[in-house]
Amino acid sequence: MKDIDRSAPVIVELTTTIDATPETLWALHTDVNAWPTWNLGIEKAHLPGDFAEGSVFDWETAGLSISSTIMEVRPLRRTVWGGPAHGIEGVHVWIFEPATGGRGPTAVTTLESWAGAPVEADPEGMRAALERSLLAWLEALKTAAERS
């Protein structure tokens with residue numbers, strides 16, 4: 001199982017409970033091309049093909065262009081992607097844990113690690129920026145999933 005870089009200078013882990021089934025959350029999460037329709041923090045996103053290990057998707061957030069490689073896909077349960085972006089090496093893990101019986105609510109955990117010179121230059125500032133970004137992403141996912 002792939003993981004974040006546990007030795008990175010910045011690691012953020014957040015969990016929320018969303019009143020939706022894993023199937024609803026998975027559909028939103030893996031439809032990369034639709035991210036900008038429900039997550040206002042993502043300006044553009046394009047995955048040319050399936051959400052599968054080895055696939056690469058390009059996206060823009062906070063004015064940054066990022067190219068991420070999907071490293072792990074466990075349908076309805078877990079994804080991992082990452083790669084370099086502007087001197088930062090990021091690894092992002094998403095975990096979906098359904099309630100007993102598979103009916104919502106679902107616990108959603110997102111973990112991300114950042115390493116690299118820009119992070120080492122301002123770890124606290126980078127940690128705060130990453131935490132804001134992930135909180136907003138979780139809130140957007142919650143809003144979209146609970147509306148579905």
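- As recorded in an unreviewed UniProt entry, the protein goes by the name Shy6-polyketide cyclase, listed as coming from Streptomyces montanus.

### Structural notes on the pairing of strand β4 (residues 64–74)
A regular strand carries its side chains on alternate faces of the sheet.
Next up, step 1: With six bridges joining them, strand β3 (residues 56–61) and β4 adopt antiparallel strand pairing. Residue pairing for β4: phenylalanine 57 is matched across the bridge by serine 68.
Next up, step 2: Where β4 and strand β5 (residues 78–85) come together, five bridges link them in antiparallel fashion. Note that in β5 the partner of threonine 69 across the bridge is glycine 82.
Next up, step 3: Counted between consecutive antiparallel strands, the loop separating β4 from β5 contains three residues, among which leucine 76 sits at a positive phi close to 70°.

### Points about the nonpolar core
Next up, step 1: Counting residues in hydrophobic clusters, the biggest one holds 37 residues, and the most contacted among them are Trp35, Trp59, Trp81 and Leu141.
Next up, step 2: At nine residues, helix α4 (residues 123–147) tops the list of elements feeding residues into this core.
Next up, step 3: Among all residues touching tryptophan 59, those that are not within four sequence positions of it are Trp35, Ile42, Lys44, Ala45, Leu64, Ser65, Ile66, Ser68, Trp81 and Trp137.

Conventions used here
Residues numbered from 1 in each chain as written. Predicted model: local features only at pLDDT ≥ 70, side-chain atom pairs only at ≥ 80, totals over all residues. Heavy atoms only, no water. Pairing = 2+ DSSP bridges. Helix = DSSP H or I, 4+ residues; strand = E, 2+ residues; numbered from the N terminus. Core = buried A, V, L, I, M, F, W, Y, C linked by side-chain atoms within 4.5 Å. Buried < 20%, exposed > 50% of the residue type's maximum accessible area, 1.4 Å probe, protein only. Contact = heavy atoms within 4.5 Å.

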